[in-house]
Amino acid sequence: MIKRVLLPLLLLGSLIAACSDNDTFSTDRGNRLTFSTDTVKMDTVFSTVGSSTYSFWVFNKSSDGIRLTTVRLRNGNQTGFRANVDGFYLDNTMGSVVSNLEVRKGDSIRVFVELTAPENKQQEPQLLEDELVFALESGVEQRVVLRSHSWDAIAVNGLTITADTLIESAKPIVVYGNGIRVDSGAVLTIRNTTLYFHDGAGLNVGGSLITENVVMRGDRLDHMFDYLPYDRVSGQWKGVTFSRTSCRNQLTDTEIRNAMTSVLLEDSARLDTTTQRLTMTRCVVHNAKGDGIVAYNSNIGLYNCQLTNTLGDCLAVYGGIADIDQCTMAQFYPFTANRGVALRFTDYADLRLSCKNSIFTGYDDDEIMGEDNDSTMTFQYQFYNCLMRTPEVQGDTVSFRQVQWETPKDSIQGKKHFVKIDEENLDYDFHLDSLSTALGKGCY
């Protein structure tokens with residue numbers, strides 16, 4: 001009987017001793033915290049716009065518990081950084097400080113950091129720094145640096161253009177809400193400007209759009225992963241839509257990237273055979289989660305343009321007139337094998353397609369799809385001096401002249417034509433490699 005009582009007592013004593021030992025805290029200055037990073041490096045943020053959330057871990061690897069008298073932001077609420085330490089928010093109204101935290105031996109806590117930067121009144125991004133100061137009960141202070149760059153921007157929310165308007169800005173323009181709409185009859189001219197579109201925002205043109213030296217992209221400046229900025233991820237914003245009333249649009253030296261469908265020309269009220277509805281010169285359309293350019297019954301001209309990496313087709317022409325000269329259409333969309341082609345054209349309406357001095361290539365064996373579905377429609381097309389990744393058409397010297405037929409058996413084919421096709425990091429450079437057999441063709 002004595003043995004039966006003694007054993008539980010011994011176990012209870014061991015548990016009490018263990019709990020007591022775990023609860024001991026030391027003011028030894030040699031006991032320090034360990035951090036998963038000494039600097040939280042945040043991406044560039046637009047001023048007055050909240051950042052993504054970043055985090056790091058705080059470990060106690062010493063043999064005793066450590067008490068923190070305070071954790072505080074060194075600059076209080078002056079820099080715009082915010083922190084949550086082990087579930088306790090460093091509220092600006094409380095002096096951006098939290099008190100009396102414990103980190104038991106062998107334990108850890110997690111810290112979350114965000115930033116809403118104030119305006120800095122400068123055109124270029126400005127360095128912004130603060131520190132999280134961990135004050136230990138022993139009197140030791142340990143610090144983690146918080147670092148970002150803040151960039152002043154002009155915010156636009158639901159802008160409607162009702163009269164001829166010029167936008168030209170050295171500061172970035174961030175577009176929210178329903179985006180920008182150009183009413184029928186109005187002309188919007190954009191020069192020397194970068195527009196950052198928030199998720200769901202886009203540019204809808206009922207009148208006319210003229211651009212020169214313009215970039216349109218998503219507004220995420222941070223990274224999805226350390227190696228992958230959001231600017232390389234498709235589907236960040238809605239894209240540019242030309243409604244049926246839109247005409248005389250001219251885009252020059254303009255880049256449209258990481259949209260849903262980058263450029264959509266809705267079915268026009270009527271086909272103007274003498275004036276192009278959309279003319280694009282030295283433009284880049286890249287990395288779309290829909291089509292790159294899709295045109296219904298429109299008169300379009302593409303000159304020295306790059307159309308690349310789209311979930312749908314790089315270019316889809318559904319009837320109308322299309323003049324393509326010195327363009328590169330390369331379909332290397334990386335996220336699925338169920339992607340579109342470099343070029344698709346159909347007789348949705350009467351079609352006249354002319355392609356000269358251009359490159360049509362990609363991952364698949366056939367990157368050009370011509371679809372003649374209605375014998376009552378005109379279906380005319382011609383390729384001259386082009387590199388075409390599609391099965392060779394025999395005997396048709398009218399529609400195909402001086403064509404270089406590309407096959408998967410060629411020693412240089414597909415992505416080997418280009419300087420960089422980095423699928424792992426989604427990094428691309430569509431300038432032609434010096435060994436490419438397509439030299440003299442394409443947009444570069």
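Residues numbered from 1 in each chain as written. Predicted model: local features only at pLDDT ≥ 70, side-chain atom pairs only at ≥ 80, totals over all residues. Heavy atoms only, no water.

(A) Quick look at the overall build of the chain. Each helix and strand in the chain was counted, giving 1 helix and 37 strands. Seen along its three principal axes, the alpha-carbon backbone of the chain occupies a region of about 105 × 55 × 45 Å. Of the contacts formed within the chain by residues at least 6 apart in sequence, a portion of 61% connects residues at least 24 apart. Total accessible area computed for the chain in this model is approximately 20,800 Å², and 48% of it derives from carbon and sulfur atoms. If you average the places of the 41 positive and of the 56 negative side-chain charges in the chain, the two averages end up 5 Å apart. (Helix = DSSP H or I, 4+ residues; strand = E, 2+ residues; numbered from the N terminus. Contact = heavy atoms within 4.5 Å. Areas by Shrake-Rupley, 256 points an atom, 1.4 Å probe, with all protein chains shown as cover. Lys, Arg positive; Asp, Glu negative; His and termini not counted. Charge placed at Lys NZ, Arg CZ, Asp CG, Glu CD.)

(B) Spatial organisation of the nonpolar core. Counting 58 residues, the largest nonpolar core has Leu203, Leu209, Met216, Leu302, Leu315 and Phe383 as its most contacted members. When residues of this core are assigned to their parent elements, the largest contribution, 5 residues, is made by strand S29 (residues 343-356). Aside from chain neighbours lying at most four places away, what touches Leu315 is Ile293, Ile300, Leu302, Leu307, Ile324, Met329, Ala342, Leu343 and Arg344. Membership of the second largest hydrophobic core comes to 31 residues, among which are Ile66, Leu73, Ile109 and Leu136. (Core = buried A, V, L, I, M, F, W, Y, C linked by side-chain atoms within 4.5 Å. Buried < 20%, exposed > 50% of the residue type's maximum accessible area, 1.4 Å probe, protein only.)

(C) Inspection of the packing of aromatic side chains at higher detail. Taken as a whole and assessed by the stated rule, the structure comprises 25 aromatic pairs. Taking 5.8 Å as the distance between ring centres and 10° as the angle between the ring planes, the aromatic pair formed by Phe225 and Tyr227 counts as stacked. Phe225 gets classed as partly exposed once you look at its relative accessible area, which sits at 43%. With a centroid separation of 4.8 Å and 10° between ring planes, the pair formed by Tyr296 and Tyr318 is classed as stacked. Taken as a pair, Tyr296 in strand S25 (residues 293-303) and Tyr318 in strand S27 (residues 315-325) lie far apart in primary sequence, 22 residues in all. On the basis of relative accessibility, which here comes to 26%, the residue Tyr296 falls in the partly exposed class. One aromatic cluster is present, built from ring pairs that chain together Phe345, Phe360, Phe379, Tyr381, Phe383, Phe400 and Trp405. The lysine or arginine in question, Arg67, covers the ring of Phe25, its NZ or CZ lying 4.1 Å from the ring centre. (Phe/Tyr/Trp six-rings, centres within 6.5 Å; stacked < 30°, edge-to-face > 60°. Lys NZ or Arg CZ within 6 Å of the ring centre and 35° of its normal.)

(D) Inspection of the sheet that holds strand S4 (residues 54-59) at higher detail. Pairing is antiparallel in the open sheet, where 5 strands are placed in the order S1-S4-S9-S6-S7. Sheet topology places strand S1 (34-35) and strand S7 (88-89) at the edges, where each strand pairs with a single neighbour. Here S1 pairs with S4 via 2 bridges, running antiparallel. Counted as the bridge partner of Thr34 is Phe59 from S4. (Pairing = 2+ DSSP bridges.)

(E) Region of interest: unusual backbone geometry. Phi is positive for Asn287, close to 65°, though the residue is something other than glycine. Examined against the element boundaries, Asn287 turns out to sit in strand S24 (residues 284-288). Among the residues examined, Asn287 registers a relative accessible area of 5% and is labelled buried. Positive phi outside glycine occurs at Asn357, with the angle close to 55°. Examined against the element boundaries, Asn357 turns out to sit in the loop between S29 and strand S30 (359-362).

(F) Spotlight on the environment of Val187. Structurally, the position occupied by Val187 is in strand S15 (residues 187-197). Setting aside residues no more than four positions away along its own chain, Val187 makes contact with Ala163, Asp164, Thr165, Ser208 and Ile210.

(G) Focus on the side chain of Asp152. The residue Asp152 is located in the loop between strand S11 (141-151) and strand S12 (154-161) in this model. One buried charged side chain, Asp152, makes no salt bridge at all; its nearest oppositely charged neighbour is Lys171, positioned 4.4 Å away. A distance of 2.9 Å separates a polar side-chain atom of Asp152 from the backbone nitrogen of Asn120. From its side chain, Asp152 meets the backbone nitrogen of Lys121 in a polar contact 2.6 Å long. The residues contacting Asp152, other than those within four sequence positions of it, are Ser47, Pro118, Glu119, Asn120, Lys121, Gln122, Lys171 and Pro172. (Salt bridge = Lys/Arg side-chain N within 4 Å of Asp/Glu carboxyl O. Polar contact = N/O pair within 3.5 Å; in protein donor to acceptor, adjacent residues only side chain to side chain.)

(H) Spotlight on the state of the cysteines. One pass over the structure, following the stated rule, counts 0 disulfides. This cysteine, Cys283, is not joined by any disulfide, and Cys305 carries the nearest cysteine sulfur, 4.7 Å off. In this model Cys386 remains outside any disulfide bridge; the closest cysteine sulfur is found in Cys355, 5.8 Å from its own. (Disulfide = S-S within 2.5 Å.)

(I) Representation of the pairing of S27 within the structure. Among the 11 residues of S27, 9 are classified as buried, and the element is accordingly described as predominantly covered. The pairing of S25 with S27 spans 10 bridges and is parallel. Along S27, the bridge assignment pairs Ile300 with Ala322. Both S27 and S29 contribute to a ladder of 10 bridges, which runs parallel. In the strand pairing of S29, Asp323 is matched with Ser354.

(J) Structural view of the confidence of the model for the chain. Here the chain averages 92 in pLDDT, while 94% of its residues score no lower than 70. Confidence drops under a pLDDT of 50 for residues 1-20, and excluding neighbours within four residues, the segment shows 0 contacts in the predicted structure. (pLDDT = per-residue confidence, 0-100.)

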